[in-house]
Amino acid sequence: MESRLWLRALYARMWVRVMSVFNEPLWIAVNIGFPFFSSVGLGLLYSSTGLRSFVGFAILGGIMISFWGNVLWSMASQFYWDKQVGLFEIYLTSPAPMTAILIGMSLGGVVNTAPSAVLVAVAGWLFFAPPLSPSWLAVGLTFALTLASLYAMGMMLSSLYLAYGREAESINEALHEPVSLISGVYFPSIGNFSPFPFSVQVFASLIPLTIGMDALRRALFFSQGLSSIYLHLIVLSMR
Amino acid sequence: MLSHEPEVRVEVQNLRREFDSKERKVVALNGVSLKVREGEIFGVLGPNGAGKTTLIRILSTLLLPTSGVARVMGFDVASEPEKVRAVINMASGAERAGYDYISARGNLWFFSQLYGLPSEVAKARIKALSQLLGLDDYLDRKFYMLSTGYRQRVTIARAFINDPKIVFLDEPTIGLDVMTAMSIREFLIKEARENGRTIFLATHNMAEVDTICNRVAIIDRGRILTSDTPTNLKRSLGAPALVMEVSPLPVNLAFLGAVEGVKGFTTSVDEERGLARVQVVVESEECVRRILAGVPASGMRLVSSWRQQTTLEEVFVSLVGRGFVEREHEVGE
Ligand SMILES: Nc1ncnc2c1ncn2[C@@H]1O[C@H](COP(=O)(O)OP(=O)(O)O)[C@@H](O)[C@H]1O
Ligand SMILES: [Mg+2]
């Protein structure tokens, strides 16, 4: 009974999230367009400068930045808008557990972002054919854990939004660019290839996205298996 | 229609709620006690700032009381909120809650899932409720395409989607056109009569209370002043109210306070016609004569006067000495 309610609430929240976007073609275009063009642009740049191995990074970055943008721009502020229109109180007075609603909201976000992520991956593969050397099990696991920690952060941000309301929007503004930069969505920001000094690297490692990106690159391009990225995974699952 | 003694569904004892704002402490509820039974439409009537919303928020588990006890279906709202949530629902007129890009039907389905309803049950309820509320032809429109009135019909349907024992409604018809307000009221009466549902209605609309409530509690500054059927409350006043139009402006009505048998009065100014309309709640015919004699004696001209059938407004005036609007100014709402 309890678990059935949990699942129904989760599924329903995911459903409204997905349908809201799919009923509105313009949103899909924006959702897909931005990460697509920025990663294609970077891919062209990297390949014209002869950085062949970095082209793969650009495509992977395009995929991950879609999810990061989704967490920041629609996950975090969702509760705030729900509260504005009175939906939040409906959740509260219903017997549905808040965790089910939060997870449903996250999964809806993942589903909404998936088309753009897939498009970037397919187009990147066709245009640039980056040299891959994947360890698929590790890639899958890292990808799942990175998303989980990203959306956990989204849930945290949405609570912040509830507490601070619109002022929290400036947190997003403040977070978006620097986090995209130092977490190394498009290039390695920690380890031997990092352009950053050690202190920035330590700070960057506190962001789950950094760890996830690093592990993903290792697994996808350098065929490192679970045995070499297990530390990354442990850190990710602690978030 | 009920063959048994109607069960008590809401029981409130000595409920108190304070808010600490920067400058002052506000006592929103100051020792409220009441009991509401199965099948009743119970109205809580009072001016803005009286504490109605606070009471509804406590009963629907959104807010904790500072002290006192509130039970819904026997469950304590403070210590057993999950049990309360399973048997209630609520809606407010201030909210127009729904997902804009989802159809009315999709929204109602979503809300039904917050109660874990199986799909067939949810579908049947949506169909039945939308028939009763005149929503059939609008179910497949996106929520943002609906007019205010139809959105509120969806909101009311939502508040009954889980077959609740008790529905808390906070100003459900505020700002609605007459037709919509009427059909919502008819729906509420039907739900209470035919399904034994308890409807707990907070409002400052006296006509609404008069037409649909079985019982009403009049609330002012966090206290319940009286509670009875609307008919009994009106009957308790004795004589019909006196309405007079007096000029010139500004009028000085200080003498009314000294007239024996005046229970209270309320004034509204008509700038255009240069007069004030004064509605006086009186104890007897004798008192009316004394008032009418007092007007010229205080240097004013009596433009016209008539008697008016008692409404709940006069009941409030007789209890507080002032009308709703004047009370709202005094309290600073
Ligand atoms: N969150 C709050 N913080 C401070 N004061 C509040 C809060 N909510 C209500 N009040 C005060 O409590 C009193 C009762 O408010 P409310 O219950 O909203 O009245 P009503 O619904 O009858 O208009 C008012 O004086 C209001 O200003
Ligand atoms: Mg109110």
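Residues numbered from 1 in each chain as written. Chains lettered and ligands numbered in written order. Predicted model: local features only at pLDDT ≥ 70, side-chain atom pairs only at ≥ 80, totals over all residues. Heavy atoms only, no water.

Draft legend 1. The pattern of salt bridges, seen in detail. Residues and elements named next belong to chain B. One pass over the full model with this rule turns up 23 salt bridges over all chains. Ionic pairing is found between Asp-210 and Lys-234, a salt bridge with its closest N-O pair at 3.0 Å. Of this pair, Asp-210 sits in helix 7 (residues 206-212) while Lys-234 sits in helix 8 (residues 230-235), and the two are 24 residues apart along the sequence. For Asp-210, a relative accessible area of 27% corresponds to the partly exposed category. The class of Lys-234 is partly exposed, set by a relative accessible area of 22%. Because the salt bridges share partners, they merge into one network encompassing Glu-245, Asp-270, Arg-273 and Arg-277. (Salt bridge = Lys/Arg side-chain N within 4 Å of Asp/Glu carboxyl O. Helix = DSSP H or I, 4+ residues; strand = E, 2+ residues; numbered from the N terminus. Buried < 20%, exposed > 50% of the residue type's maximum accessible area, 1.4 Å probe, protein only.)

Draft legend 2. Spatial organisation of the domain arrangement of chain B. Each assigned domain of chain B is listed with its residue range as follows: domain 1 (8-232) and domain 2 (238-309). With centres defined by C-alpha atoms, the gap from domain 1 of chain B to domain 2 of chain B works out at 38 Å. (Domains from an automatic or database assignment.)

Draft legend 3. How the structure looks around the site of ligand 1. All names here are of chain B. The environment of ligand 1 is made up of twelve residues, and the closest members are Gly-49, Gly-51, Lys-52, Thr-53 and Thr-54. The contact in question runs from an oxygen atom of ligand 1 to an N or O atom on the backbone of Ala-50, over 3.2 Å. Lys-52 is positioned such that a nitrogen or oxygen atom in its side chain is 2.9 Å from an oxygen atom of ligand 1. Protein chains shield 68% of the accessible area of ligand 1, which is 560 Å² for the free molecule. Within the residue set of the shell around ligand 1, elements represented by two or more residues are strand 2 (25-37) and helix 1 (52-59). Counting residues per element, the shell around ligand 1 draws most heavily on helix 1, at three residues. (Near = heavy atom within 4 Å. Polar contact = N/O pair within 3.5 Å; in protein donor to acceptor, adjacent residues only side chain to side chain. Areas by Shrake-Rupley, 256 points an atom, 1.4 Å probe, with all protein chains shown as cover.)

Draft legend 4. View of helix 10 (residues 312-320) of chain B. Residues and elements named next belong to chain B. For helix 10, the complete set of buried residues consists of Leu-312, Glu-314, Val-315, Phe-316, Val-317 and Val-320. Where helix 10 starts, the residue carrying a side-chain oxygen 3.2 Å from the main-chain nitrogen of Glu-313 turns out to be Thr-311. Looking one or two residues beyond helix 10, the residue adopting positive phi is Gly-321, at roughly 90 degrees.

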